[in-house]
Amino acid sequence: MNKIKILAAAMTATALLTSCDDNGKNHLLNTTFNTPHNVPPFEKIHYRDYIPAIQQELQNVNQTIELICSNRDEATFQNTIIPFDRRNQNLDVLQNIFFNLKETENCDTMTMIAEEILPQISAANDNIYMNKQLFERIKHVYDNKNNLDSIRQRVTEKYYKEFVRNGALLSESEQATLRDYNQQIALLTLKFGNNLLSETNSYKLVIDSVADLSGLPKSVVDAAALRAQANGLNGKWLFTLHNASIMPFLQYSDKHELRKQIYEAYTHRCNNGNDADNNQNLIKIATLRAKRAKLLGYKTHAHYVIEQNMAQTPEVVDSFMNDMWTAALRKAQNELNEMKQFAYKYDKTTTIEACDWAYWAEKVRKSKYDVEEKEISEYFVLENVMSGMFEVAEKLYGLTFRKADNIPLYNTDDNSVYEAYEENDKYLGLIYFDFHPRASKSGGAWCTTFRSALDNFDGTRQEAQMSVVYNFTMPTTNTPALLTFDEVQTMFHEFGHALHGLFSQGEYVATCGTVPNDYVEMPSQIMENWASESEVLKTFARHYRTGETIPDEMIEKLNRASTWNQGFATVEYIATALLDLKWHTISANEQITDAQVFEKQALSSIGLMPEIGPRYHSTYLSHSFNGGYDAGYYVYMWAELLDADAFSAFKESGNIFDKQLSQKFRKYCLSEIGNDDPMKQYVRFRGQKPTSEPLIARRGLNEPVVKRPVVAAPKPTTAPKPTEMKVEPIKPISPNVNPLTL
């Protein structure tokens, strides 16, 4: 579709959405907005504004590059690196606004705009990194970097390597090939994400019989009724493939066939041979990435990506994942054995399929630990969890969060904004919160920015404008929005990313808050630790009906059950991480014709048990194929090794809010993390390199699992005793497997 048609469609859609159009004024042409804290004026932005605003800023960036190149003075950090570092500040704001809203407020018009603008952005980036005159100036500063201080050396090194990694040393013909690869990848990844959103939204499991609701908690049933009503299905119940809907259904529904139906719909997304099928898309993406890596002198795309990470090579990642895999698979097998014994005693079930795992895991959790997810969730009211989360930030860092009602929102029905203030009442930045699913919104949870923090050379500061996005269950007419404990941890997790963004300090874009991909999740994952502490739970976990604080007994049960099902969780995660790695270690010459065959062989080669599927199958593995985590899904566990070790420092101190530790953590692991190698920064906080014992203990991978009688099931039967199954003890993993200590 050509540009004129796209703009026409955009203007038509805009006319339908707004009655006042400010006489055609484009409020994105100047990113100094007349709003509180200079936030985007969302209510004044029209679809038609995006393309001309981004195109204008691309021209402005090009003019900056021309000025750098035309400077006849010797290339220096001051006249070359600094203007290059600051070139994209306005463009970044525009791209953040558009692409953030495309993930939360998507529609056909937004997709058309993306299809138009992405190739232009890709081409503009290629023009910069393949500009020989510019590269020569960057290289000159790099060759003389020993005259600079350590931070300026780091900035210069980062940009020199960035140019090389983006084709600066290639011939003109090779650069033309690279441009073509980049253009194709940009559009294919966009298509992959659009297909996934379409496929997720298209499936509906409609239930019209009360009998088919057996086992489901009342809150889940009420939410399904409201969902059905909103879709014109009064008197029925509607379940979808959004996590807030499908996950409790798989966990509680007594109907195996219905569980199987919705599970297969979920795991076959974009693998149905229709217009939203991603099989060929992902093959093309992986192949193009492999060809690009070869062109740039790398063995595989994974080698290209991981070179910049803490792990440095795919071989180190593979070794780390496989060391954890052995213990996780053994623990998962033990969990399966326990579930099989329980299921047979419960109702003579002899087979547990992948669609049944969540159901029987919850049954065993209730029987073995007297803990039931639906009972626990009644203590986790969304607003209360948020208050508790803010209180943790106050105790750790002295922050206070104040709701702001005068700030424009991108979705007035489901957004809220909180301003963050330091202990001395100095404004630090703000966070947008977006809590619930909607058809225009991608699934999952994430944190992003509308404007990144940066220290200006005149001593002023550009404060961060963060945005955290969730897909939590909606409140119903009878109950507020209640979270599972996993969702509580997710809320804390994304908030951790936001804190990292708020705290980031530095005068250079290249280093301010910038970290390797396998460090990114550390600031977020460490926050999850506080969510499970008794001292913290008692500040926010109150029963939604009675107001009763969560009892000590329930917290104790929750902690005892914390390692139950961790075998499953670790196996499904590592299977996905290794699958991602398999896709991105193919050679440039490898011919893949069938994505399903490739995936089956990849999972078979690691010995994945049939009762557990990967967390994401290839056709909806959006982290890898349109989410920026290509050859990088492993980073969550790598970062977990860091965060488990870091939190153990707080536990060892005897005070999980130890001020000295929290100040050191903020300084070295959050605010100034970009100033040096992340491992060196971590050691400045911890005093030593991390060890693997805290991670292993957290996941229960060193627990000897012994055969023991299962507590009597809720529905005792007179069935004969089943054949006893052997339960193997899990051998502890040696701390020496930790690649971070190398």
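Residues numbered from 1 in each chain as written. Predicted model: local features only at pLDDT ≥ 70, side-chain atom pairs only at ≥ 80, totals over all residues. Heavy atoms only, no water.

*Asks:* Explain unusual backbone geometry to me, using residue names and the numbers behind them.
*Replies:* Unusually for a residue other than glycine, Cys270 sits at a positive phi of about 60 degrees. Positionally, Cys270 belongs in the loop between α11 (256-267) and α12 (279-295). You can call Cys270 buried: its relative accessible area is 0%. In the Ramachandran plot, Ala631 falls in the positive-phi region, its phi being about 55 degrees despite a non-glycine side chain. Checked against the element boundaries, Ala631 lands in the loop between α24 (622-625) and α25 (635-653). Note on Ala631: relative accessible area 0%, which makes it buried. (Helix = DSSP H or I, 4+ residues; strand = E, 2+ residues; numbered from the N terminus. Buried < 20%, exposed > 50% of the residue type's maximum accessible area, 1.4 Å probe, protein only.)

*Asks:* Give a description of helix α5 (residues 108-129) that names residues and reports values.
*Replies:* In an α-helix, one full turn covers 3.6 residues, which means residues spaced three or four apart are oriented alike. Under the 1.5 Å per step criterion, the end-to-end length of α5 is 32 Å for 22 residues, consistent within 8% with the ideal 32 Å. Helix geometry: α5 is bent most strongly at Ile117, by close to 25 degrees, with proline Pro119 lying one to four residues after it. Most of α5 sits out of view: 16 of its 22 residues are buried. (Expected span 1.5 Å × (residues − 1). Bend = angle between axes of the 7 residues up to and from the residue.)

*Asks:* Before we move on, could you go through the environment of Ser662 and cite the residues and values that matter?
*Replies:* Tracing the chain through its elements places Ser662 in helix α26 (residues 659-671). Each C-alpha atom of the pair Ser662 and Lys395 lies 9.3 Å from the other, and the pair is 267 residues apart in sequence. Apart from the residues lying within four places of it in its own chain, the contact partners of Ser662 are Leu396, Tyr397 and Phe650. At 3.0 Å, the side chain of Ser662 forms a polar contact with the backbone oxygen of Lys659. (Contact = heavy atoms within 4.5 Å. Polar contact = N/O pair within 3.5 Å; in protein donor to acceptor, adjacent residues only side chain to side chain.)

*Asks:* Give a description of the packing of helix α2 (residues 50-70) against helix α3 (residues 77-85) that names residues and reports values.
*Replies:* Where α2 meets α3, the axes come as close as 10 Å, and the angle between the chain directions of the two elements is 170 degrees. If you check the angle between α2 and α3, you find them roughly antiparallel. Each of Thr64, Ile65 and Ile68 in α2 lies in contact with α3, whose residues at this interface are Asn79, Thr80, Pro83 and Phe84. Across the contact of α2 with α3, the residue classes tally to four nonpolar, three polar and no charged. (Axes fitted to C-alpha atoms, helices over the stretch in contact; angles between N-to-C directions. Parallel < 35°, antiparallel > 145°, perpendicular 65-115°, else oblique. Nonpolar A, V, L, I, M, F, W, Y, C, P; charged D, E, K, R; others polar.)

*Asks:* Give a detailed account of the sheet that holds strand β3 (residues 400-403), specifying residues and quantitative values.
*Replies:* Strands sit in the order β3-β4-β5-β9-β6 across an open sheet of five strands; the sheet is mixed. Where the open sheet ends on each side, the last strands, each with one partner, are β3 and β6 (446-451). Here the average twist between neighbouring strands, direction ignored, is 30 degrees. As defined by bridge partners, strand β4 (residues 415-421) adjoins strand β5 (residues 427-434) across seven bridges and the pair is classed as antiparallel. Paired with Tyr421 across the bridge in β5 is Tyr427. Contacts from helix α4 (residues 89-104) reach β5, β6 and β9 (464-469) within the one sheet, and its direction differs from that of β6 by about 145 degrees. With respect to the sheet, helix α18 (residues 485-503) is in contact with β3, β4, β5, β6 and β9, its orientation differing from that of β9 by roughly 170 degrees. (Pairing = 2+ DSSP bridges.)

*Asks:* Outline the nonpolar core, supporting the account with residue identities and numerical values.
*Replies:* In terms of nonpolar packing, the biggest core is built from 148 residues, with Phe380, Phe401, Phe433 and Trp530 touching the most fellow members. Broken down by element, the residue count for this core peaks at 13 residues, all from helix α14 (residues 314-347). Non-local contacts of Phe433, meaning those with residues more than four positions away in its chain, are made with Met386, Met389, Phe390, Asp414, Asn415, Ser416, Tyr418, Val468, Tyr470 and Phe495. The next biggest cluster of nonpolar side chains, apart from the first, holds 60 residues, and it includes Leu58, Phe77, Tyr129 and Val141. (Core = buried A, V, L, I, M, F, W, Y, C linked by side-chain atoms within 4.5 Å.)

*Asks:* Quick one: what's the story with the pattern of salt bridges, residue by residue and with numbers?
*Replies:* For the coordinates displayed, the defined rule picks out 35 salt bridges. The shortest N-O distance in the salt bridge between Glu353 and Lys260 comes to 3.4 Å. Taken as a pair, Glu353 in the loop between α14 and α15 (357-369) and Lys260 in helix α11 lie far apart in primary sequence, 93 residues in all. When the shortest N-O distance is used, the salt bridge between Asp414 and Arg438 registers 3.1 Å. With a gap of 24 residues between them, Asp414 in the loop between β3 and β4 and Arg438 in the loop between β5 and β6 connect regions that are remote in the sequence. As far as burial versus exposure is concerned, Asp414 and Arg438 are alike and both buried. One network of salt bridges, with partners in common, ties together Lys366, Asp370, Glu372, Lys374, Glu375, Glu553 and Lys557. (Salt bridge = Lys/Arg side-chain N within 4 Å of Asp/Glu carboxyl O.)

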